[in-house]
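Chain by chain, the residues run as shown.
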2 protein chains.
Amino acid sequence: MARPLTPKLSPAVIADEALAMVDQAGEFTIPALAARLKVSASSLYNHVSGKADIIELMRGRTVAGIALPEPAGDAAGGDWIGTIRAIAVEYRRAYAEHPRLIPLFTAYTVRDPSTLRMYEVLAQVFSAAGFAPRRTLGAITVLDSFVLGSALDAAAPEQVWEAVPGAGAALQDALRDGPGGPDRAEAAFRYGLELLLAGFGREAAAS
Amino acid sequence: MARPLTPKLSPAVIADEALAMVDQAGEFTIPALAARLKVSASSLYNHVSGKADIIELMRGRTVAGIALPEPAGDAAGGDWIGTIRAIAVEYRRAYAEHPRLIPLFTAYTVRDPSTLRMYEVLAQVFSAAGFAPRRTLGAITVLDSFVLGSALDAAAPEQVWEAVPGAGAALQDALRDGPGGPDRAEAAFRYGLELLLAGFGREAAAS
DNA sequence: ACCTGAACACCGTTCAAGT
DNA sequence: ACCTGAACACCGTTCAAGT
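None of the values given here were measured: they were computed from a predicted structure.

About the thresholds
- Residues numbered from 1 in each chain as written.
- Chains lettered and ligands numbered in written order.
- Predicted model: local features only at pLDDT ≥ 70, side-chain atom pairs only at ≥ 80, totals over all residues.
- Heavy atoms only, no water.
- Phe/Tyr/Trp six-rings, centres within 6.5 Å; stacked < 30°, edge-to-face > 60°.
- Helix = DSSP H or I, 4+ residues; strand = E, 2+ residues; numbered from the N terminus.
- Buried < 20%, exposed > 50% of the residue type's maximum accessible area, 1.4 Å probe, protein only.
- Lys NZ or Arg CZ within 6 Å of the ring centre and 35° of its normal.
- Least-squares fit on C-alpha atoms with pLDDT ≥ 70 in both.
- Contact = heavy atoms within 4.5 Å.
- Salt bridge = Lys/Arg side-chain N within 4 Å of Asp/Glu carboxyl O.
- Core = buried A, V, L, I, M, F, W, Y, C linked by side-chain atoms within 4.5 Å.
- Near = heavy atom within 4 Å.
- Polar contact = N/O pair within 3.5 Å; in protein donor to acceptor, adjacent residues only side chain to side chain.
- Nonpolar A, V, L, I, M, F, W, Y, C, P; charged D, E, K, R; others polar.

(A) Expanded view of the packing of aromatic side chains. Here the structure, examined in full by the defined rule, presents 16 aromatic pairs over all chains. With a centroid separation of 6.3 Å and an interplanar angle of 45°, the aromatic rings of Y191 of chain A and F200 of chain B are classed as tilted. Residue Y191 of chain A is found in helix 10 (residues 181-206), and its partner F200 of chain B is found in helix 10 (residues 181-206); the two belong to separate chains. Like F200 of chain B, Y191 of chain A is buried. Grouping aromatic residues by their ring pairs yields a cluster made of W80, F126, F131 and F200 of chain A together with Y191 of chain B. Its end group placed over the ring of F28 of chain B, K51 of chain B keeps NZ or CZ at 4.8 Å from the ring centre.

(B) Inspection of the relation of the copies chain A and chain B at higher detail. Laying chain A over chain B is done by rotating through 180° and shifting 0.0 Å along the axis; what remains is an RMSD of 0.1 Å. Seen this way, the second copy is the image of the first under a two-fold rotation axis. A shared interface surface links the copies, since 98% of the contact residues of chain A are contact residues in chain B too.

(C) Broad picture of the pattern of salt bridges. Applying the stated criterion across every chain, the model contains 22 salt bridges over all chains. For D173 of chain A, the salt bridge is made with R176 of chain A, and the minimal N-O distance between the two is 2.5 Å. You can see D173 of chain A and its partner R176 of chain A sitting in helix 9 (residues 169-176), 3 residues apart, about one turn around the helix. Given the relative accessible area of 38%, D173 of chain A is considered partly exposed. Two residues, E17 of chain B and R36 of chain B, come together in a salt bridge whose shortest N-O distance is 2.9 Å. Taken together, the residues E17 of chain B in helix 1 (residues 11-25) and R36 of chain B in helix 2 (residues 30-36) connect sequence positions 19 residues apart.

(D) Local environment of the nonpolar core. Core analysis: the biggest nonpolar cluster contains 126 residues, and F200 of chain A together with F200 of chain B have the highest contact counts within it. Apart from the residues lying within four places of it in its own chain, the contact partners of F200 of chain B are Y191 and L195 of chain A together with W80, F126, F131, A139, V142 and L143 of chain B.

(E) Region of interest: the protein's contact with DNA strand D. Inspection of the region around DNA strand D gives 21 residues, with A2, R3 and S42 of chain A together with I30 and P31 of chain B positioned closest. Backbone sugar and phosphate groups make up 55% of those atoms of DNA strand D lying within 4 Å of the protein. S42 of chain A is positioned such that a nitrogen or oxygen atom in its side chain is 2.4 Å from a base oxygen of DNA strand D. Separating a phosphate oxygen of DNA strand D from a side-chain N or O atom of Y45 of chain B is a distance of 2.8 Å. Along the lines of polarity and charge, the residues of the surface near DNA strand D split into 9 nonpolar, 8 polar and 4 charged.

(F) Quick look at the protein's contact with DNA strand C. Close to DNA strand C lie 21 residues, the nearest being I30 and P31 of chain A together with A2, R3 and S42 of chain B. Sugar plus phosphate: this is where 55% of the atoms of DNA strand C within 4 Å of the protein reside. In the model, a phosphate oxygen of DNA strand C is placed 2.8 Å from a nitrogen or oxygen of the Y45 of chain A side chain. One nitrogen or oxygen atom from the main chain of L9 of chain B is found 3.3 Å from a phosphate oxygen belonging to DNA strand C.

In structure tokens form, the structure reads like this:
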């Protein structure tokens, strides 16, 4: 039984199974992935070029669901801050759904079209709000850094913050209070995002 | 020649050599590390418990140089925002010196004493500035996420942002302007940090 | 105590062979 | 076109053996 009538594999099938592995184990391996797909390891290479390719496919699957607002209409009068907020929240939510995936592609270059399209929309919005090109790049970089850092923070919430015997009194106080886990990470993200948006708003008003 | 009179290895020697490998290649491997140290791979296990241990040692070496300010004196009157700025800048600078290291330990839990001490100092400063414990934790999380995200951004600056054929006009404009590489990442970090600090300042003033 | 060499289980990838 | 099995170079780790 060498070639089946209908193919057992496809890039999408491979990426989804790898995504499921990463969600539950934090990593994936070509042989283990092949086993889960009931296929030999070498079969995968008929559909993907290698492990890096699979990771890039996973990124695409994660980000593809993000709905980007249409920025065309609201040149200067529209709620451009609301547009940026919506993008940042969606972007972060998409990553937070697969938190253990993030460390995997911090090492790789972004080539995913959805991600690049999102950068483009952000650039349009900042430009329309009156940001010079250089300031636009800075603002996008700040947003991107914060979203990615926040998603990373959500990836290992309990272990990083809880049960730290070396922690001093002030840190212990802070840790005891408030919610832990995903809620803490989400709340902190919202808090920091509003600080950044307020700063963007003041900058636009000043120009 | 089984056992030399003076040991050829130590945790520090191993970590430094691994750091040099990561700085220049972006990764390291036990056999290659052993070869650079002119030692057999199994020798390393007399000094470290494994690869994860080496990564934790590298984190310690990277962060150990951070000089933490004494927060005791400036309870409410002192320049607490300046203290936080100094910590964040130092923290980010330490990571940015070894940018390719960052993806390696995003997957691991922080146990490094220097890092925990830094969190404690931040907690003291925010508390003294009038932040309730819950707000203190939120502020630290925001800072930490932004610093880590910014350092990550610095890890792959050119590839991520330049030469993206799919990029639209607004993004191209932003990319053409201003500095590229480390300067861009550094400037964006400073920009975002000031936005966050301004937000912290307004929150403290309001309470 | 510290280094060596052999060994083990595993990884990612290639490739001729099958249909 | 698509799957298989064998093969390759490599990885991280263990462990008995040496001094």
